[in-house]
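Secondary and tertiary structure notes
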Amino acid sequence: MSYLLILVFVRKSSQLECQVDEKISSLSNLIALPSSFALLYLRTLEEVLLMRFVNWGISTTSRYGFRGFFNQGLMAAPPGYTFKKKRNILHGMAPRSLRPNSRRTPRNFFYLLLLIFVSACMLGFYTDYRKVTYFLRPLWDTPPAPFTWLPHYYAENVSMEHLCRLHGWSVRATPRRIFDAIIFSNELDLLDIRFAFAEEKVVHHVFPGTARSGGSHANPFKYERMQRAAMDVLLRQAGISYGDILIMADTDEIPSTKVLKLLQWCDGIPSELHLEMKHYLYSFEFPMDSIWKTAATIYSKGTRYTHSRRTDDLLSDAGWHCSFCFRHIEEFVFKMSAYSHADRVWRRDFLDYGRIQKLICQGDDLFDMLPEGYTFKEVISKMGSIPKSASAINLPAYLIKNADKFRFLLPGGCIREAGSSSNFAKESS
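Heads up: these notes are all about the structure in this document. (Residues numbered from 1 in each chain as written. Predicted model: local features only at pLDDT ≥ 70, side-chain atom pairs only at ≥ 80, totals over all residues. Heavy atoms only, no water.)

Brief notes about the packing of aromatic side chains
Per the counting criterion, the structure on display carries 11 aromatic pairs. Relative to Phe-376, the ring of Phe-135 has its centre 5.4 Å away and its plane inclined at 50°; by these criteria the two rings are tilted. With a gap of 241 residues between them, Phe-135 in helix H6 (residues 129–135) and Phe-376 in helix H14 (residues 376–382) connect regions that are remote in the sequence. Members of the aromatic cluster, each reached through a chain of ring pairs, are Tyr-282, Phe-286, Phe-324, Phe-326, Phe-332 and Phe-367. (Phe/Tyr/Trp six-rings, centres within 6.5 Å; stacked < 30°, edge-to-face > 60°. Helix = DSSP H or I, 4+ residues; strand = E, 2+ residues; numbered from the N terminus.)

Structural notes on the environment of Ala-338
One can find Ala-338 in helix H12 (residues 329–338). Expressed as a C-alpha distance, the spacing of Ala-338 and Ser-185, which sit 153 residues apart in the sequence, is 9.9 Å.

Regarding the pattern of salt bridges
Evaluated as defined, the whole model comprises 16 salt bridges. One salt bridge connects Asp-317 with Lys-278, and the closest N-O pair in it is separated by 3.8 Å. Of the two residues, Asp-317 sits in strand E13 (residues 313–323) while Lys-278 sits in strand E10 (residues 272–281), which places them 39 residues apart along the sequence. Of the residues examined, Lys-278 reaches a relative accessible area of 32% and is grouped as partly exposed. (Salt bridge = Lys/Arg side-chain N within 4 Å of Asp/Glu carboxyl O. Buried < 20%, exposed > 50% of the residue type's maximum accessible area, 1.4 Å probe, protein only.)

Describing a nonpolar patch on the surface
Taken together, the side chains of Phe-135, Leu-136, Leu-139, Trp-140, Phe-376, Ile-380 and Met-383 define a hydrophobic patch exposed on the protein surface, amounting to about 660 Å² of accessible area. Within the residue set of the nonpolar patch, elements represented by two or more residues are helix H7 (137–140) and H14. For Met-383, the position within the fold is in the loop between H14 and helix H15 (397–401). (Patch = residues over 30% accessible without salt bridge, like charges linked within 9 Å, V, L, I, M, F, W, Y side chains within 5 Å. Areas by Shrake-Rupley, 256 points an atom, 1.4 Å probe, with all protein chains shown as cover.)

Overview of the state of the cysteines
Taken as a whole and judged by the stated rule, the model has three disulfides. With a sulfur-sulfur separation of 1.9 Å, Cys-164 is cross-linked through a disulfide to Cys-266. Taking the torsion about the sulfur-sulfur bond, which here is approximately -85°, the covalent link between Cys-164 and Cys-266 counts as left-handed. Residue Cys-164 is located in helix H8 (residues 160–166), and its partner Cys-266 is located in strand E9 (residues 266–267); the two are separated by 102 residues in the primary sequence. Judged by its relative accessible area of 0%, Cys-164 falls in the buried class. In this structure Cys-266 comes out as buried when scored by relative accessible area, which is 0%. The disulfide bridge from Cys-361 ends at Cys-414, spanning 2.2 Å between sulfur atoms. With the S-S bond torsion at 90°, the cross-link from Cys-361 to Cys-414 turns out right-handed. Of this pair, Cys-361 sits in helix H13 (residues 353–362) while Cys-414 is found in the loop between H15 and helix H16 (422–428), placing the two residues 53 residues apart along the sequence. Assessed through its relative accessible area of 18%, Cys-361 is described here as buried. In the protein chain, the cysteines engaged in disulfides, taken in order along the sequence, are linked 1-2, 3-4, 5-6. (Disulfide = S-S within 2.5 Å.)

Shown next, in the form of C-alpha cells:
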C-alpha cells in the first residue's frame, strides 16, 4: 500500500518573512495515512490553508505560492519521494514577502459617494433651478407643429400687380384698410417707429388702459388678458368693418411696409396668416432667431383678438421683433420688474444699472437664463453671448431716416442713457 506524506505545520503571524526551510523545522507532525484517506484529508487541509494564506498575504496562484507548493511538492510527488528530496525542493523556493491585502472597496464608501452626488445635485437645483429647467426643456416640452412657409417676393421698381401674381394672388382695384391693434407698455421709441406706418394709410387709435407702477405686485398676465379681451370692443369703436385687415401684435413686433402693401393690394391672401419676424435683442445689433406670433387676419364676424397661434400659414421675412429695445436704463428696470418676466428677477443685483449696461453691450441675457430650445443641440448652440452684427440693411425705413435720433438701436450704439425721458416719466406716473 502506497503512502503519502502529509505535512501539517504551525505558523506564527510574526514569522511571515521566514524562509520556507525554517518553517519545515517547525513541523509538528508527520502523519502517514493510506492514500485514499490521505487524499481526502489533504484536499480539506488545502482549502483551509488556502483561506489562511490569503489572509496572511501569501500568494496562492504563483509557482512558488500555496498551490504551487501542493501541486509541485506534495501532490505531484513521484514514487520514491522522500523527506530529504522534499526538503531540497523547498530549499529552492524563494521566500515570499508580505503584501498588503487586496480587499474590495467597502460598500459603504459607494453609498457615501452616492449621497454626496445626490446632495450636490439637489443643492444646485435649489439655487439655480431656472437654468436646470431650461436646460432640460427638451425633456418636458415639445416644439410647435411645423408651419407652412409662404415665400415672400419683393424687389425695388417691381409693380404691385407682378408681386401679387408671384405670390399666387391677384391685384385689387382699391386697397384695404389695415387696423394695427397693439398692447402698449413703455416702448415709446418703438411706438414712434410703428406710427410711421400712418403714411401707408394704417388706421391708428389710442385707447387708455390700466397703468401699473414698477413696484406693483399685480398679476401682469391677468391685466394682459383683460386688455386683449377689451380689444374686440375697442376695434368696433374704431370703425373696423368686414374685409379690413387686422394686425394682432405687440408694440415691439413691427411689420414691414412691403408686407403691408401686399395685404392691402392683393386679393386671394389667406384669411388667417402669421408673419415671420426677425428677432433682435436690445437693438438691431444683436440678431437672434425669428418669431411667428404676429398675425394678420381678414376681419369677419367671428374674429377675436388673440396673440397666439391661429393658422399654419407663415409668411417669410415679414418684419422685425426688437425685444428690450429701450433708450434708457430705467426703462429696462421698469420692464424687468413690472413685466410678465418679473419672477425671473430673483436677485437684487439684477436691477443694477451698471450690470444692465454691461450685459447690453455684451449681448448677454439680463436674467442670466439659458436660451430656449426644444433639443439639447439647439440649447447648447445658443449658449453664450449673441454675436454682433455690423449690418443695418433691410431695417425699418423710418429708423434709417432718423438714425441720429435712434442711434442706440443701430450697430455700435449699445451705450444707454442713465436717466429717463420726460415722456416715459409722464406715462409711468
